[in-house]
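One letter stands for each residue in the lines below.
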Number of protein chains: 2
Amino acid sequence: MGQLDRDRQVGCELCNHEGGLLIGRTALLRVIRVADPDYPGFYRVVWNRHVSEFTGLSIPERVHCMEAVAMVETLMLDRLHPTKINLASLGNMVSHLHWHVIARFRDDKHFPQPIWGMAQREASHKDADMPALIAGLDQAIHQALGNLTPP
Amino acid sequence: MGQLDRDRQVGCELCNHEGGLLIGRTALLRVIRVADPDYPGFYRVVWNRHVSEFTGLSIPERVHCMEAVAMVETLMLDRLHPTKINLASLGNMVSHLHWHVIARFRDDKHFPQPIWGMAQREASHKDADMPALIAGLDQAIHQALGNLTPP
């Protein structure tokens, strides 16, 4: 068995499933896209090994993890021109380290509240170009992961 | 005028105020504690210079920033024994880079929801020892900031 198998936690969703549409991976982490119709630009950086807290990673691992988060943020800013990027590592329900990277728009469902807050309006951000933008973003993230060297 | 003055944004709360009880600082960032009776273990790592997104920092600055976040997390885990740590950089309302570092407990007001979500119970986590624990944590964070070398 490989390292992933040894460290896998019984019943942990992110030990046993990718956790969304797999966009790409390095040796230590993967990026998935979340299928949320209200938030088309919603990705997660998921650490492969089961650790519950950010400080469960070594310093070089933390740097690698946050550079993956920063790469997704940079590509999102360039391609989607969101009002704001939201970053979060919560894990109250699934305590397997994963970073939410979410493009927020002034007219999205919860803005300026966090997406976990109270809805502010019914309509969420709709853009006819969004599917094509997301497809391009997926591809750009996939390629950029290839250039992200794990420690 | 110093760098902080030149970069200060008119009307930005975190350019013009510490943003909470100042616990300590490095040359580039500060740690403040948020006065929230439901969340005694709630700190923010605030970048001094006005940048709105995490990627507004250089890579060495990002590392310094996240090592401050990790330091607060480590000391919180050691001293408060929370169920989970929540980390987030949102900035939808105050778009000046700041990281929330929040100790979460199974019986706190929103658990397992994010603190911005729907309240799950009226009573939040109460612990007679908490004020003393927080005072000790404040002091430990203050000291640890002195050992955190900016890039």
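What you are looking at is a predicted structure, and each value in this text was computed from that prediction instead of being measured. (Residues numbered from 1 in each chain as written. Chains lettered and ligands numbered in written order. Predicted model: local features only at pLDDT ≥ 70, side-chain atom pairs only at ≥ 80, totals over all residues. Heavy atoms only, no water.)

Engineer: Describe the interface of chain B and chain A, with residues and values.
Structural biologist: If you look at the interface, chain B gives 33 residues, while chain A gives 33 residues. Our count for the contact surface shared by chain B and chain A stands at four salt bridges. Between R62 of chain A and E67 of chain B there is a salt bridge, with the nearest N and O atoms lying 2.7 Å from each other. Our count for the chain B to chain A interface comes out at 22 residue pairs in polar contact (both at pLDDT 80 or more). Counting only elements with at least two residues in the side of chain B that touches chain A, the list comes to α3 (59–80), β4 (84–89) and β5 (98–104) of chain B. Looking at the side of chain B that touches chain A element by element, the count peaks at nine residues for α3 of chain B. Taken together, the residues of the side of chain B that touches chain A sort by class into 16 nonpolar, eleven polar and six charged. Where strand β4 (residues 84–89) of chain A meets β4 of chain B, three bridges bridge the pair, whose relative direction is antiparallel. Bridging across to β4 of chain B, S89 of chain A finds its partner in L87 of chain B. (Contact = heavy atoms within 4.5 Å. Salt bridge = Lys/Arg side-chain N within 4 Å of Asp/Glu carboxyl O. Polar contact = N/O pair within 3.5 Å; in protein donor to acceptor, adjacent residues only side chain to side chain. Helix = DSSP H or I, 4+ residues; strand = E, 2+ residues; numbered from the N terminus. Nonpolar A, V, L, I, M, F, W, Y, C, P; charged D, E, K, R; others polar. Pairing = 2+ DSSP bridges.)

Engineer: I'd like to hear about the side chain of K84 of chain B, residue by residue, with values.
Structural biologist: Tracing the sequence through the fold places K84 of chain B in strand β4. Within the local environment of K84 of chain B, its side chain forms a polar contact with the backbone oxygen of L90 of chain A, the two atoms lying 3.1 Å apart. Excluding its chain neighbours within four sequence positions, the residues that come into contact with K84 of chain B are S52, E53, L90, G91, N92 and S95 of chain A together with I102, A103, R104 and F111 of chain B.

Engineer: So what's going on with the side chain of H64 of chain B? Residues and values would help.
Structural biologist: In this fold, H64 of chain B is placed in helix α3. When sequence neighbours within four positions are dropped, the list of residues in contact with H64 of chain B reads T26, L28, L29, W47, L148, T149, P150 and P151 of chain B.

Engineer: Lay out the environment of Y39 of chain B in plain terms, naming residues and giving numbers.
Structural biologist: Residues and elements named next belong to chain B. Its location among the elements puts Y39 in the loop between β2 (29–33) and β3 (42–47). Contact partners of Y39, with chain neighbours within four places excluded, come to V34, I102, A103, R104, D108, K109, H110 and I115. A distance of 3.3 Å separates the side chain of Y39 from the side chain of D108, its partner in a polar contact.

Engineer: Could you give an account of α3 of chain B, naming the residues involved and the relevant values?
Structural biologist: The end-to-end C-alpha distance of α3 of chain B, which contains 22 residues, comes to 31 Å, matching closely the 32 Å that a straight helix rising 1.5 Å per residue would cover. Just past α3 of chain B, the residue H81 of chain B takes up positive phi, approximately 50°. (Expected span 1.5 Å × (residues − 1).)

Engineer: An account of the pairing of β4 of chain A is requested, with residue identities and associated values reported.
Structural biologist: Residue and element names in this part refer to chain A. The buried fraction of β4 is high, at six of six residues. Covered by surrounding structure in β4 are K84, N86 and A88 together with I85, L87 and S89, the residues of both alternating faces. The pairing of β4 with strand β5 (residues 98–104) spans five bridges and is classified as antiparallel. What sits directly across from I85, in β5, is A103. (Buried < 20%, exposed > 50% of the residue type's maximum accessible area, 1.4 Å probe, protein only.)

Engineer: Kindly report on the sheet that holds β5 of chain B, identifying the contributing residues and their values.
Structural biologist: Read from one edge to the other, the open sheet built from ten strands follows the order β1(A)-β2(A)-β3(A)-β5(A)-β4(A)-β4(B)-β5(B)-β3(B)-β2(B)-β1(B), with strand pairing classed as antiparallel. Looking along the sheet, the strands with just one partner apiece sit at the ends: β1 (21–25) of chain A together with β1 (21–25) of chain B. Each neighbouring strand pair of the sheet contributes to a mean axis angle of 20°, computed without reference to strand direction. Alignment of β1 of chain B against β2 of chain B, held across four bridges, turns out to be antiparallel. (Axes fitted to C-alpha atoms, helices over the stretch in contact; angles between N-to-C directions.)

Engineer: Could you give an account of the pairing of strand β3 (residues 42–47) of chain A, naming the residues involved and the relevant values?
Structural biologist: All names here are of chain A. Buried residues dominate β3, accounting for five of its six residues. Taken together, the five bridges between strand β2 (residues 29–33) and β3 define a ladder with antiparallel strand orientation. Counted as the bridge partner of L29 is W47 from β3. Note: β3 against β5, five bridges, orientation antiparallel.

So far we have only geometry, and geometry alone does not tell us how the molecule works.
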